[in-house]
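Per-entry structural report
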Amino acid sequence: MAVRALVYYPDDRLRKVGRKVQRVDDEVRRLLSDMAETMYAFRGIGLAAPQVGVNRRVIVVHAVQDEERGSSSLIGMVNPEIIEKSPEQEMAEEGCMSIPGVHADVLRSQRVVVEGLDADGNRVRIETDGLEARVFLHEIDHLNGVLFIDYLDSLTRDVLLKKYLEDTSRQVESKAPDQEA
Ligand code: NI
């Protein structure tokens, strides 16, 4: 396993539509384990392959990593698809490992059903809600070249991104868990 280099906004690779994986082989399994290691190294709660410069439909999610809050499990998924989204939505703050330090409220479906392949190539179906549902939606957006900042009104987005781009002291390492995805 290895921690891979992250791709940062405004890199064009974050705007590409990811290619579907044809076969879950050792290379894909290595990508999944490297992505998990990278997510943990940067204290993230989800990561999509385009964020490590790989244009493929692969994500890892580990939404709750705090024992006291009832830890969720690590999930790696290949070719994930949203099968259902609840009409009920919820507003919550989001961040992204590719846009470190930028956080804003985003409205997302409260509950989702996601299908895809696991690391063994088996079809899996996950029904989840709350933060984990939000992370799945955020990561699958990455596979379609969509970033959470795209949901903000243009004034909020412009102000946040201007500050982000100007902040030359911005470093790769976050000091505290940022709940970024
Ligand atoms: Ni992200």
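Residues numbered from 1 in each chain as written. Predicted model: local features only at pLDDT ≥ 70, side-chain atom pairs only at ≥ 80, totals over all residues. Heavy atoms only, no water.

**Section: the coordination of the nickel ion**
- Around the nickel ion, the protein contributes the donor atoms C96 (SG), H138 (NE2), H142 (NE2) and A181 (O), which lie 2.1 to 2.7 Å from the metal centre.
- Considering all four donor atoms around the nickel ion, angles at the metal cover 87 to 137° and the coordination shape is irregular. (Donors = N, O, S within 2.8 Å, 3.2 Å for Na, K, Ca; no water. Tetrahedral: all angles 85-135°; square planar, octahedral: opposite > 155°, others 65-115°.)

**Overview of the sheet that holds strand β2 (residues 58-61)**
- Here we have five strands laid out as an open sheet, ordered β1-β2-β3-β6-β7, and antiparallel in their pairing. Only two strands of the sheet have a single neighbouring strand rather than two, namely β1 (46-48) and β7 (123-129). Averaged over all adjacent pairs, the angle separating strand axes in this sheet is 40°, with direction ignored.
- Packing of helix α1 (residues 26-41) onto the sheet brings it into contact with β1, β2 and β3 (75-85), and relative to β2 it is tilted by some 40°.
- Sitting on the sheet, helix α2 (residues 130-143) is in contact with β1, β2, β3, β6 (111-117) and β7, with an inclination near 160° to β2. (Pairing = 2+ DSSP bridges. Helix = DSSP H or I, 4+ residues; strand = E, 2+ residues; numbered from the N terminus. Axes fitted to C-alpha atoms, helices over the stretch in contact; angles between N-to-C directions. Contact = heavy atoms within 4.5 Å.)

**Things to note about unusual backbone geometry**
- Across the junction of Y9 and P10, the peptide omega takes the value 10°, indicating a cis bond.
- Tracing the sequence through the fold places P10 in the segment before α1.
- Its identity is not glycine, yet N79 carries a phi of approximately 50°, on the positive side.
- For N79, the location among the structural elements is in strand β3.

**Here's the deal with the nonpolar core**
- One finds I99 and I149 to be the most contacted residues of the largest nonpolar core, which totals 33 residues.
- At the level of secondary structure, the elements contributing two or more residues to this core comprise α1, β2, β5 (103-109) and α3 (154-166).
- Excluding its chain neighbours within four sequence positions, the residues that come into contact with I99 are Y9, L147, F148, I149, L161, Y164 and E180.
- Grouped together as the second largest cluster of nonpolar side chains are 18 residues, I59, V64, M77 and A181 included. (Core = buried A, V, L, I, M, F, W, Y, C linked by side-chain atoms within 4.5 Å. Buried < 20%, exposed > 50% of the residue type's maximum accessible area, 1.4 Å probe, protein only.)

**Here we look at the pattern of salt bridges**
- Following the criterion strictly, the structure yields 12 salt bridges and no others.
- Note that R4 is salt-bridged to D34, the shortest N-O span being 2.8 Å. Pair noted here: R4 is in the segment before α1 and D34 is in helix α1, with a separation of 30 residues, a long-range link.
- Residue classification places R4 among the partly exposed positions, given a relative accessible area of 26%.
- Several salt bridges converge on common partners, so that one network encompasses E94, R108, R134 and D141. (Salt bridge = Lys/Arg side-chain N within 4 Å of Asp/Glu carboxyl O.)

**Side note on the pairing of β7**
- Across seven bridges, the pairing between β6 and β7 is antiparallel. Its bridge partner being in β7, G116 is matched across the sheet by V124.
- The loop that links β6 with its antiparallel partner β7 comprises five residues; one of these, G121, has a positive phi angle of about 85°.

No statement about biological role is implied by the geometric values presented.
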